[in-house]
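# Residue-level structural notes
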Amino acid sequence: MDIRERILQAAARVYAQHGFRGATTRLIAIEAGVNEVSLFRTFGSKAALFEAMMQSHSASLPVPELPERPVDPQAELIPWCSLLLAHMRQWRSIIRKSFGELEERPEAAVVMCEGPNCAALALTAYVTRLQAAGLADETADVSTAVSMFISSMFGDAVGRDVLPPDAFPQPVEDAPAKYVNVFLRAVGALGVGDVVPLRAAQTADDRRAVAQ
């Protein structure tokens, strides 16, 4: 690991514990095993160091691609959800610090939300493909379902270790499947072997005939 990466990782650990004001360059240098001269030679300033740290976080966001041709929504979404949850849990201390300093440093909170925002866009596009394939209810309120799904994952990742146990009653290992199953019901999506719901199966003309 080169010195730049060592400093970035040290800055993330110190920031997660102390926030921006408390994360002095001296503490970061000690954590990285370098002197402050090396830190300033590499990044120029504390502000530049933290900007690089946030950019590093943004570049590492694991928003995996969902299949262009969906086949089994449950099997395709659970691993996707698991990966995103794991990443947000890994960064939860930094996310909390960023939100705690929101008014002073709003740009940090924006960066911390890039992952969930990208995930929401990817998920919305995926549901659109499900609908086109006849695997989801074409009249579903997708935007609300996606918002609730992403918010649930974000809240779980950031708050599970500090909120009362009944706030997240499902075990950590069961959470991805639980969230995915509720989400799929919300958009009327199908798993392998499911019976096609009436609303997903009917054409527009069929629905008008039923209404009459």
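Preceding this section is the structure that the text describes.
First things first, this report covers the structure right here in the doc. The shown structure was predicted, so the numbers you read here are calculated from the model rather than taken from an experiment.

## Observations concerning the overall build of the chain
The secondary structure content of the chain amounts to 12 helices and zero strands. Each helix (α) and strand (β) of the chain, taken in turn from the N terminus, gives the series α-α-α-α-α-α-α-α-α-α-α-α. Here the chain holds 212 residues, and the buried ones make up 43% of them. Taking the intrachain contacts of the chain between residues at least 6 apart in sequence as the baseline, contacts between residues at least 24 apart amount to 70%.

## A short note on helix α6 (residues 92-100)
Every buried residue of α6 is accounted for by Ile-94, Ile-95 and Ser-98. The buried residues of α6 occupy an angular sector of 100° when projected down its axis, which confines them to one face.

## Remarks on the pattern of salt bridges
Inspection of the entire model under this criterion finds five salt bridges. Note that Asp-161 and Arg-92 form a salt bridge whose closest N and O atoms lie 3.2 Å from each other. Here Asp-161 is found in the loop between α9 (142-159) and α10 (175-186), whereas its partner Arg-92 is found in helix α6, with 69 residues between them in sequence. Overall, Asp-161 belongs to the partly exposed group, its relative accessible area being 42%. Given the relative accessible area of 26%, Arg-92 is considered partly exposed. Salt bridges here are not isolated pairs; linked through shared partners, they connect Arg-89, Asp-156 and Arg-160.

## Describing the packing of aromatic side chains
Within a pair of aromatic rings, the relevant descriptors are the distance that separates the centres and the angle that separates the planes. Per the stated rule, a full pass over the model turns up four aromatic pairs. Here Phe-20 and Phe-50 contribute two aromatic rings whose centre-to-centre distance is 5.0 Å and whose plane-to-plane angle is 70°, an arrangement assigned as edge-to-face. One end of the pair, Phe-20, is in helix α1 (residues 3-22); the other, Phe-50, is in helix α4 (residues 46-59), with 30 residues separating them in the sequence. An identical accessibility class is assigned to Phe-20 and Phe-50; each is buried. Feature note: the residues Tyr-15, Phe-20 and Phe-50 constitute an aromatic cluster, connected by ring pairs.

## Focus: the packing of helix α5 (residues 73-90) against helix α8 (residues 114-132)
At a closest axis distance of 12 Å, the pairing of α5 and α8 adopts a crossing angle of 175°. Viewed along their axes, α5 and α8 adopt a mutual orientation that is roughly antiparallel. In contact with Pro-73, Glu-76, Leu-77, Trp-80, Leu-84 and Met-88 of α5, α8 contributes Pro-116, Ala-119, Ala-122, Leu-123, Tyr-126 and Leu-130. Broken down by class, the residue content of the contact of α5 with α8 amounts to 11 nonpolar, no polar and one charged.

## Some details on the side chain of Lys-46
Checked against the element boundaries, Lys-46 lands in helix α4. Buried and without a salt bridge, Lys-46 has Glu-101 as its closest oppositely charged side chain, separated by 8.2 Å. Within polar-contact distance, the side chain of Lys-46 engages the backbone oxygen of Phe-20 at 2.6 Å. Filtering out sequence-adjacent residues up to four positions away, Lys-46 remains in contact with Phe-20, Arg-21, Ala-23, Thr-24, Thr-25 and Phe-40.

## Comments concerning the environment of Pro-67
Position of Pro-67 relative to the elements: it lies in the loop between α4 and α5. Residues Pro-67 and Tyr-126, 59 residues apart in the sequence, show an inter-C-alpha distance of 7.6 Å.

## Some details on α10
Under the 1.5 Å per step criterion, the end-to-end length of α10 is 17 Å for 12 residues, consistent within 8% with the ideal 16 Å. Among all positions of α10, only Ala-175, Pro-176, Tyr-179, Val-180, Phe-183 and Leu-184 are buried. Down the axis of α10, the smallest arc covering the buried residues is 155°, so these residues share one side. Residues of α10 that are buried sit in contact with α5, α8 and α9. In the segment just after α10, Gly-188 is the residue with positive phi, at about 65°.

Rules used throughout
Residues numbered from 1 in each chain as written. Predicted model: local features only at pLDDT ≥ 70, side-chain atom pairs only at ≥ 80, totals over all residues. Heavy atoms only, no water. Helix = DSSP H or I, 4+ residues; strand = E, 2+ residues; numbered from the N terminus. Buried < 20%, exposed > 50% of the residue type's maximum accessible area, 1.4 Å probe, protein only. Contact = heavy atoms within 4.5 Å. Arc of directions from axis to C-beta. Salt bridge = Lys/Arg side-chain N within 4 Å of Asp/Glu carboxyl O. Phe/Tyr/Trp six-rings, centres within 6.5 Å; stacked < 30°, edge-to-face > 60°. Axes fitted to C-alpha atoms, helices over the stretch in contact; angles between N-to-C directions. Parallel < 35°, antiparallel > 145°, perpendicular 65-115°, else oblique. Nonpolar A, V, L, I, M, F, W, Y, C, P; charged D, E, K, R; others polar. Lys, Arg positive; Asp, Glu negative; His and termini not counted. Polar contact = N/O pair within 3.5 Å; in protein donor to acceptor, adjacent residues only side chain to side chain. Expected span 1.5 Å × (residues − 1).

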